[in-house]
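Below are the chains, spelled out letter by letter.
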Amino acid sequence: MPVDLICLDADDTLWHNMRHFAATEEALLAILRPFADAHIAREVLEACEARNLALYGYGAKGFTLSMIEAAIELGGASLPAQAIADILAAGRALLAHPVELFDGIEDTLAALSERGRLILVTKGDLLHQEAKLAASGLGERFDGIEIVSDKKADTFTRLFERHGIAPERAIMAGDSMRSDVLPALEAGAWAAFIPQAGAWAHETAAPPERHPRFRQLASLAELPALIDAINSPFDQTNGPALR
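Per chain, the residues get numbers from 1 upward, laid out in the order the sequence is written. In keeping with the predicted nature of the model, local features appear solely for residues at pLDDT of at least 70, side-chain atom pairs appear and are counted solely at 80 or more, and the whole-chain, interface and lining totals rest on all residues. As a rule here, side-chain values come from all non-hydrogen atoms in the structure, and water together with hydrogens is ignored.

## Let's talk about the sheet that holds strand 6 (residues 214-216)
For sheets, the rule is that strands pair by backbone hydrogen bonds, running either parallel or antiparallel.
Part 1 of the reasoning: Here, a strand pair is defined by DSSP locating no fewer than two bridges between the strands. Helix and strand assignments come from DSSP, with helices taken as H or I runs of at least 4 residues and strands as E runs of at least 2, each series counted from the N terminus. Within the open sheet, the 6 strands sit side by side as 3-2-1-4-5-6. Their pairing is parallel. Of all the strands in the sheet, just strand 3 (144-148) and strand 6 have a single pairing partner and so form its edges. Across this sheet, the average inter-strand angle for adjacent strands is 20 degrees, counted without regard to direction.
Part 2 of the reasoning: In this structure, strand 5 (residues 190-193) lies alongside strand 6, joined through 3 bridges in parallel fashion. Its bridge partner being in strand 6, A192 is matched across the sheet by R215.
Part 3 of the reasoning: In this analysis, two residues are considered to be in contact whenever any of their non-hydrogen atoms come within 4.5 Å of each other. Angles shown run from 0 to 180 degrees and are taken between the N-to-C directions of axes, each axis being a line fitted to C-alpha atoms and, for helices, limited to the stretch in contact. Sheet contacts for helix 9 (residues 223-230): strand 1 (5-8), strand 4 (170-174), strand 5 and strand 6; angle to strand 4, the most-contacted strand, approximately 155 degrees.

Shown next, in the form of structure tokens:
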């Protein structure tokens, strides 16, 4: 069956994202320098993030709250009010950072739209993700926008049902093995992994071993060719002629 529903992640797939979180984290480490070495502060922050995901979800606002919690944990009663104010300012800057598209994204989306319906599937804070999409100028490229709290197999199953398509006719492409690849494969779709430098440790996972519907790409620009290969005539013995 041909692939004609193309699901794309947003952050670090269409535009830069983690570089801004990394810069904000560095600002926090500078603020906390009087109270902890950088590696200790980073460990405490990561622990705060991990336990807060179920409460705050993904995104800049939850990250800011975790930064404040980490600062209080490390600074205690000695933490000045100015430190909290500085952390809040760093969080606001993170929310307001410019949207920087990856090179060639608009041309790639144009090529993909010739091959199927485009669905944006991203997780995080609803208001912030909507603002980034609006700033990107890419909204009209998509036939559907899905902003979800997390990406799991049932998230994709429900998405495919809403769009009236069998899972094997869909592909999900993104930079997260944990959120973009593994749950899409579990739901029965194809998945393309496009790794990016500086990936958040929480989003890493072991890749599937020799999965017939999984491919790793160097960039999103390779996705149209992959879809063409999937949709090429089937070899009756070996399946689609993927190169």
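## Notes on the pattern of salt bridges
Part 1 of the reasoning: Salt bridges are counted wherever a side-chain nitrogen of Lys or Arg sits within 4 Å of a carboxyl oxygen of Asp or Glu. What the rule picks out here adds up to 18 salt bridges.
Part 2 of the reasoning: The closest approach of N and O atoms between E73 and R51, which form a salt bridge, is 3.1 Å. Here E73 is found in helix 3 (residues 60-75), whereas its partner R51 is found in helix 2 (residues 38-56), with 22 residues between them in sequence.
Part 3 of the reasoning: The exposure class of E73 is partly exposed, given its relative accessible area of 47%.
Part 4 of the reasoning: R178 is paired through a salt bridge with D150; the nearest N and O atoms lie 3.7 Å apart. You can see R178 sitting in helix 8 (residues 177-186) and its partner D150 sitting in the loop between strand 3 and helix 7 (153-162), a full 28 residues away along the chain. Accessible area is worked out with a 1.4 Å probe on protein chains only. A residue is then buried under 20% of its type maximum, exposed over 50%, and partly exposed in between.

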